[in-house]
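Understanding the architecture of this molecule
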Amino acid sequence: MYFTKSFIPILKNNPTEAKIKSHQLMLRIGMIKQSSAGIYSWLPLGFKVMKKIEQIVREEQNRIGVQEILMPTIQSSDIWKESGRYEDYGEEMLRIKDRQNREMLYGPTNEELVTEIFRSSIKSYKSLPQLLYHIQWKFRDELRPRFGIMRCREFYMKDAYSFDLNDEEALFSYNKFFLSYLKTFKRLELSAIPMAADTGPIGGNLSHEFVILAETGESKIYTDKRIFEVNSDNTKLEKKSLSVLRNKFEEFYAVTDEKYNEKDFMEKVNDKYRLNTKGIEVGHIFYFGDKYSKPMNASVDFKGQKQFVKMGSYGIGVSRLVGAIIEAKYDDKNEIMKWPISVAPYECVIIPAITKNDDSNLVKANKVSNLLNDKNIDIIIDDTDENFSAKMKKFNLIGIPFQILIGKNTEGDLLEFREIGKESQKLKINQIIEIINSKKK
C-alpha cells in the first residue's frame, strides 16, 4: 500500500472540539469522522485497528467455548415488555415504529433477544451450559455524548450470554468470562483491573467492571495497589482454579464509585496501598440468575421438573477499546502513539527518500515491501516527496511500530531500521523480519 493511495486524511493540528487525547488523535490522523452527535464513520485506519481488536476478543471468547452468533440491531418491543424492561430502560433506548405501526427499538443490549432465542431452541438440561456471543453495533441515546468514541451513541460491542442449570454452574461460567477478560486485555497490553460494580439496568447482584487507569476516565475507582500484582497466567479453565483466581483479586479492596464506602476503604486498605483515581471501563460482566428467564419462561426439563435457567451477560466495548488504548499508550507531549503490534494499523512503514529526478529508493522500497509481505508483515510505503523528518513525525503520530528508512544511510544489504521512539540501527532484511515477527508472538 502506498501512502499517496491510502485514505488517511491527516490534519495539521488537533481539532478544537476534541477535549481528550484519544478523540484528538483519532480525528487528527483520520481514524474516524463525525456523522452527527455521538455517531461516527470509521475510516480505513481506525477500522483496521478496531477489526484487529475484534479478532483478539473473538479468539479469547472461542477459547473458553463460547459460540458466536449474530443478532439484529433492530428488535421487537414485545420481548422487552415481556421481561418488564421496556418502560424501565429510560430515554437511552431509541424507540421506533415500522410501516405496520409495530413498536420496534434499536438494541442497546440483547438479554431479551438472546433469551427468546434460547427458550425456543433448548428444552433439556442435558444441553446446558450454553454460552453464546455476538459482536454487533449497539445504540444508546446518550443525553450528552462526548469524548469521541469513548462516550458516543452508536458503538461496536461484544456481548455474551450464559445459560446454566443452577447457581453453582452459572458462577463457573461467570468465572470463565472473568479469566477470558483478563487474558483479552493482557493481549492488548492493557492493565485492566476487575472491580466490584453496580449492576445498573442489567440487574442482578454480582457484577465486575474491568477498568484501566486513566486521568480522562469517567469512572472513579478506589483500590488497593497490591491488586495490580495478582497474576492470572497459570489459571486453568476449571472450577477450583477459576475460583481461586477470583478470590485472589477479591482479597483486595477494588470498587467503582457506585460501590464505594469510605469507612470500608479506610479500614481495609493500609494508607501506603490506598489508591483513589480515575479509570476507563473497558468490560463489564453480570450475573443475574433468573431475572430474565423467569418472566420470559426460559426453562429446561430437569428430571421431570421445570427449571428456569440461570443467566449472566458479559460485555466488551470493542470500539471503545480503540480509544482506551490511545489513552493508555499515546505520548501527547512528544506526539508518539505506541500501538501494540497486535492491533497496529500497519506493522511496519517503509520510508524512502524520494526526489523528482531519482526514484531508486522507491524501487528498493518496493523490493523490501515484497519480502516483508511474503512473511505476512503488514506494511505501508510512504511514497510522498516530504523530507525524512516530516515523514517520521507523521508515522510517529500514526503509531506504526517499526520503520525502515531508505536513504543515504542505506549501505548495500543493510537497512536503517528503528522501533518507534527508539534509536535506529543498521540490519539486514532477515534480521528485521525476525525482530518484527518476534514481537508478534
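Residues numbered from 1 in each chain as written. Predicted model: local features only at pLDDT ≥ 70, side-chain atom pairs only at ≥ 80, totals over all residues. Heavy atoms only, no water.

1. Some words on the pairing of strand E7 (residues 130-139)
Stated formally: Relative accessibility decides the category of a residue: with a 1.4 Å probe and only protein chains considered, values under 20% of the type maximum give buried, values over 50% give exposed, and everything between is partly exposed. The helix and strand labels rest on DSSP assignments: H or I over at least four residues marks a helix, E over at least two residues marks a strand, and numbering proceeds from the N terminus. A pair of strands is considered paired only if DSSP assigns at least 2 bridges between the two.
Across the 10 residues of E7, 9 count as buried, placing the element largely inside the fold. Pairing of strand E3 (residues 67-68) with E7, which is carried by 2 bridges, proceeds in the parallel orientation. Each residue of the ladder has a partner; that of Glu68, found in E7, is Tyr133. Bridge count for E7 against strand E8 (residues 154-164) is 10 bridges, and the pairing is antiparallel. Within the sheet, the bridge partner assigned to Ile135 lies in E8 and is Lys158.

2. Some details on the pairing of strand E2 (residues 39-42)
In this sheet, E2 lies alongside strand E1 (residues 32-36) in antiparallel orientation, the contact comprising 4 bridges. The residue of E2 that forms the bridge with Ile32 is Trp42. The turn linking E1 back onto E2 is made up of 2 residues, and Gly38 within it adopts a positive phi angle of 75°.

3. A short note on the sheet that holds strand E5 (residues 94-97)
Whether parallel or antiparallel, the strands of a sheet pair through hydrogen bonds between backbone atoms. Rules: Lines fitted to C-alpha atoms define the axes here, with helix axes fitted over just the stretch in contact, and angles between the N-to-C directions of these axes take values from 0 to 180 degrees.
With respect to topology, 3 strands assemble into an open sheet ordered E4-E6-E5, the strand pairing being antiparallel. Every interior strand has two partners, whereas the edge strands, strand E4 (74-76) and E5, have only one. With direction set aside, neighbouring strand axes in the sheet form an average angle of 35°. Relative to strand E6 (residues 103-106), E5 runs antiparallel, the two being bridged by 4 bridges. Within E6, the position partnered with Lys97 by the bridge is Glu103.

4. Some remarks on unusual backbone geometry
Between Leu128 and Pro129 the backbone carries a cis peptide bond, its omega angle lying at 0°. Mapped onto the fold, Pro129 is located in the loop between helix H4 (111-119) and E7. Positive phi is not limited to glycine here, since Glu189 has a value of about 60°. For Glu189, the position within the fold is in the loop between helix H5 (167-187) and strand E9 (193-196). A positive phi angle, close to 55°, is found at Glu335, a residue other than glycine. Its place among the elements puts Glu335 in the loop between strand E17 (330-331) and strand E18 (336-337). Take Glu335: its relative accessible area is 22%, and that puts it in the partly exposed class.

5. Some remarks on H5
Put simply, the rule reads: Expected span, for any helix, means 1.5 Å times one less than how many residues it has. The definition of a polar contact used here is a pair of N or O atoms within 3.5 Å, where within protein one atom must be able to donate a hydrogen and the other to accept one, and adjacent residues in sequence count solely through side-chain atom pairs.
Helix length check: H5, at 21 residues, gives a terminal C-alpha distance of 30 Å against a target of 30 Å (1.5 Å per residue), a fit within 8%. For H5, the N-terminal capping position is held by Asn166, with its side-chain oxygen 3.3 Å away from the main-chain nitrogen of Glu168. Two residues or fewer after H5 comes Glu189, characterised by a positive phi angle close to 60°.

6. Digging into the nonpolar core
Definition in use: Only buried Ala, Val, Leu, Ile, Met, Phe, Trp, Tyr and Cys residues count toward a nonpolar core, and they belong to the same one when joined by side-chain atoms within 4.5 Å. Note on contacts: a residue pair is in contact if any heavy atoms of the two residues lie within 4.5 Å.
Formed by 83 residues in total, the largest nonpolar core has its most connected members in Ile53, Phe185 and Trp339. For this core, the leading source of residues is H5, giving 9 residues. In contact with Trp339, other than residues within four places in its own chain, are Met31, Val49, Val322, Ile325, Ile326, Ala344, Pro345, Ile398, Gly399 and Pro401. Ile79, Phe118, Tyr292 and Val300 belong to the second largest nonpolar core, which has 24 residues in total.

7. Thoughts on helix H6 (residues 239-250)
Compared with the 16 Å implied by 1.5 Å per residue over 12 residues, the 16 Å span of H6 between its first and last C-alpha is a close match. On its buried face, H6 sits against H5, E9 and strand E10 (206-213).

8. Quick look at the packing of aromatic side chains
The test is simple: Aromatic pairing here means that ring centres of Phe, Tyr or Trp (its six-membered ring) are within 6.5 Å. Orientation follows from the plane angle: under 30 degrees is stacked, over 60 is edge-to-face, and everything else is tilted. In our convention, an over-ring charge means Lys NZ or Arg CZ found within 6 Å of a ring centre and within 35 degrees of that ring's normal.
All told, the structure shown has 19 aromatic pairs when counted by the stated rule. The interplanar angle of 65° and the centroid separation of 5.8 Å between the aromatic rings of Phe178 and Phe249 together place this pair among those described as edge-to-face. Taken together, the residues span a long stretch of sequence, with Phe178 in helix H5 and Phe249 in helix H6 at a distance of 71 residues. On the basis of relative accessibility, which here comes to 1%, the residue Phe178 falls in the buried class. Summarising the aromatic geometry, the rings of Phe288 and Tyr292 are spaced 4.9 Å apart at their centres and angled 75° between planes, so their arrangement reads as edge-to-face. Given the relative accessible area of 0%, Tyr292 is considered buried. The ring of Tyr346 is capped by Lys48, whose NZ or CZ atom sits 3.8 Å from the centre of that ring. Lying across the ring of Phe3, Lys394 places its NZ or CZ 4.0 Å from the centre.

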